[in-house]
Amino acid sequence: MLDRDVDPQLLLLRRQYMQLFEPDFLAWPPPKFLKGKDVQKWLYRYMFDQSRNPRLPPEGYQMHVLKQLISKIEKVAGNPEDEVSNELRECYTSFMTREVPSEFQAAQEKAYVTFTCIAEKTLDGADNDNYDDGLEPTISLLEQRHLVSGSRTTGFRTWEGSLHLGSYLLTGAGSRLVRGKNILELGAGTGFLTILSAKHLNAKHVTTTDGDEKVIKALRENLALNEVDDQQRVRAETLMWGRNLKETWVEDDCAAHPYDVVLGADITYDKVAITALVSTLNGLFDFRPTLKVIISGVIRNPETFQTFRDECASRRFAVKDIEFEPKPMRQQKALFYATAMPIKILSITRP
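Residues numbered from 1 in each chain as written. Predicted model: local features only at pLDDT ≥ 70, side-chain atom pairs only at ≥ 80, totals over all residues. Heavy atoms only, no water.

A. Examining the side chain of Asn-282 more closely. Note that Asn-282 resides in helix α13 (residues 271-287). A distance of 3.0 Å separates polar atoms of two side chains, one belonging to Asn-282 and the other to Arg-350. Dropping the residues within four chain positions of it, Asn-282 is found in contact with Arg-315, Phe-317 and Arg-350. (Helix = DSSP H or I, 4+ residues; strand = E, 2+ residues; numbered from the N terminus. Polar contact = N/O pair within 3.5 Å; in protein donor to acceptor, adjacent residues only side chain to side chain. Contact = heavy atoms within 4.5 Å.)

B. Spotlight on the sheet that holds strand β8 (residues 318-321). Spatial ordering of the open sheet is given by β5-β4-β3-β6-β7-β9-β8, a layout of 7 strands whose pairing is mixed. With one partner strand each, in any of the chains shown, β5 (234-238) and β8 form the two edges of the open sheet. Across this sheet, the average inter-strand angle for adjacent strands is 20°, counted without regard to direction. Seen against the sheet, helix α14 (residues 302-314) touches β7 (292-298), β8 and β9 (343-349) and runs at an angle of roughly 10° to β9. (Pairing = 2+ DSSP bridges. Axes fitted to C-alpha atoms, helices over the stretch in contact; angles between N-to-C directions.)

C. Focus on the confidence of the model for the chain. Per-residue confidence for the chain gives a mean pLDDT of 90, with 89% of residues at or over 70. For the stretch residues 122-129, pLDDT sits under 50, and the model shows 17 contacts to residues farther than four places along the chain or on other chains. Below pLDDT 50 for its whole length, residues 147-153 participates in 11 contacts with residues either more than four positions away or in separate chains. (pLDDT = per-residue confidence, 0-100.)

Spelled out as structure tokens, the structure:
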């Protein structure tokens, strides 16, 4: 069945589920709707059937959600035994009769997280809910959501700043920054923005970087997972900020694929690293004076974010806010992320 032919309530539930949305806050359709035989068949087929979906969430998470689903159906069923489909009951029984890792245990391991990459509404005011093959465009990543490596990197999971910037890049105005352009990403982490640019936004070439070799290794796995590991289109390398870029692989790469846009998300949270980051941006401007830098970040510490602005000002960079407010989580329909703290997107140039 094509996604565009499915009830929107089910698609929203599946998008949240595949992104490992907190089970207690899933947008469940009404129980009477869930009771339908065709609905239950669809739920099993597209949310729990491993043979059809090799990149499902961890089993502990699946079991938690399936338990909630069965409970909701039983509450409105005349005869619970008859109302819940055999497929769903057998699936739950299978989880119960074998040792399924708890959600806490699973959080320490690599897990598939799948993001649905659809613009809810472009800045031009037009809905963008059509997709060529009738299936929703996605990015699947292997993440370790609770792992921070010894170098203090947070690059093993996708953070809110990346998802907010991704939401913007999926709009008409945002996609024009990427389409047909040579992109450099700094602090790429899991590679979400890199893969979005290469797989769904038609970037000409993407060079993706991070300062941690283990993160780069995991990032390359995610590139292969999404079939964008062709080195002619996407290159992944380690890059330490603050070092002279001249006569390095960066200078050679910029000559081969002259950078048009630099992307960075959730890379301004560490006050210690800001001077090195801005120094690297300055070196990139030396290579490409017309470069545009787009930085997204959650304002966890206003003083730290202001330090980044001040450092940019000291280099005489022009810094402008891009007006793109995140929707409250309950109103989000594709990429889901917390918005309790402010999230900013900055456009930076060097006049």
